[in-house]
Amino acid sequence: ILNVEQSPQSLHVQEGDSTNFTCSFPSSNFYALHWYRWETAKSPEALFVMTLNGDEKKKGRISATLNTKEGYSYLYIKGSQPEDSATYLCAQRGSQGNLIFGKGTKLSVKP
Amino acid sequence: NAGVMQNPRHLVRRRGQEARLRCSPMKGHSHVYWYRQLPEEGLKFMVYLQKENIIDESGMPKERFSAEFPKEGPSILRIQQVVRGDSAAYFCASSPPPVETQTQYFGPGTRLLVL
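Residue positions are given per chain, counting from 1 as you read along its sequence in written order. All chains are assigned letters beginning with A, and all ligands numbers beginning with 1, in the order in which they are written. It should be noted that, the model being predicted, local features are given only for residues of pLDDT at least 70 and side-chain atom pairs only at 80 or more, the latter also being counted only at that level, while totals for whole chains, interfaces and linings use all residues. Side-chain metrics in this entry use all non-hydrogen atoms of the structure; hydrogen atoms and water are not considered.

Trainee: Describe the sheet that holds strand β3 (residues 19–24) of chain A, with residues and values.
Mentor: Residue and element names in this part refer to chain A. In short, DSSP must find at least two bridges between two strands for them to pair. In DSSP terms, a helix is any run of H or I states spanning at least four residues, a strand is any run of E spanning at least two, and both are numbered starting from the N terminus. The strand order β1-β3-β8-β7-β6 describes an open sheet built from 5 strands, whose pairing is antiparallel. With partners counted over all chains shown, the strands left at the sheet margins are β1 (5–7) and β6 (56–59), one partner each. The mean inter-strand angle of the sheet, taken between neighbouring strand axes irrespective of direction, is 15°. Pairing of β1 with β3, which is carried by 3 bridges, proceeds in the antiparallel orientation. Bridging across to β3, E5 finds its partner in S24. Interaxial angle, 0 to 180 degrees, is taken between N-to-C directions of lines fitted to C-alpha atoms, where a helix line uses only the stretch in contact.

Trainee: Could you give an account of unusual backbone geometry, naming the residues involved and the relevant values?
Mentor: With omega at -10°, the peptide bond leading from S7 of chain A into P8 of chain A counts as cis. For P8 of chain A, the location among the structural elements is in the loop between β1 and β2 (10–14). In this chain, N7 of chain B is followed by P8 of chain B through a cis amide linkage whose omega measures -5°. By the secondary structure assignment, P8 of chain B is in the loop between β1 (5–7) and β2 (10–13). The phi angle at A41 of chain A is positive, at roughly 70°, despite the residue not being glycine.

Trainee: I'd like a rundown of the state of the cysteines, residues and numbers included.
Mentor: Here, two cysteine sulfur atoms that lie within 2.5 Å of each other are counted as a disulfide. Using the criterion set out here, one finds 2 disulfides over all chains in the structure. Note that C23 of chain A is cross-linked by a disulfide to C90 of chain A, the S-S spacing being 1.9 Å. Here the disulfide of C23 of chain A and C90 of chain A is right-handed, its torsion about the S-S bond being about 75°. With a gap of 67 residues between them, C23 of chain A in strand β3 and C90 of chain A in strand β9 (residues 86–93) connect regions that are remote in the sequence. Of the residues examined, C23 of chain A reaches a relative accessible area of 0% and is grouped as buried. What pairs with C23 of chain B in a disulfide is C92 of chain B, and their sulfur atoms sit 1.8 Å apart. One quick way to see it: the torsion about the S-S bond of C23 of chain B and C92 of chain B is about 70°, and its sign makes the bridge right-handed. Residue C23 of chain B is located in strand β3 (residues 19–24), and its partner C92 of chain B is located in strand β9 (residues 88–95); the two are separated by 69 residues in the primary sequence. Each residue is placed in one exposure class: buried if its accessible area under a 1.4 Å probe, protein chains only, is under 20% of its type's maximum, exposed if it is over 50%, and partly exposed if it falls in between.

Spelled out as structure tokens, the structure:
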């Protein structure tokens, strides 16, 4: 059984702060790791899909790294803005293609 | 290219009634996944379907729940004889043939409330 953990559960930062969250997952039978951004009452929005150990991906001020050997991924947000406030989800792809989600990190950015 | 569509967005049912949730995948996507978010919990996988086939239903309760993705039309998640514990947000996602790098694109969800 795969178990994906995210920390912290919630985070409050000031506008302009840089921040990062952690996603940990079982390192055996790894297929892919997905990051999503989820605003209340909207659809989860795909940010990154990462497959290779050492992968680094970037989208604007958001970037992510992947370590499949030790089973963790970091998501970084540089210079947080109020519009970055959302829940950030990571999910590990299972063998049949389904995603196993963590519970998310809820980010609040104060102006 | 329209995104993943789900309807209805909100559904209220009384205990014992049936709930039908619909999901239209993105154009060109032949794979659909259903996930459920119970109150205070994360998204949990329920079922994965291709056109006319169930690939993996390991996350779906054995009784009262069924899913289909016909050759024509949307995917349907059907819950018979709903109980209060079925109250949740139900999301579907779609993707092209799944290789490791394929993103799953999510719909806005259907929020089911069982009275």
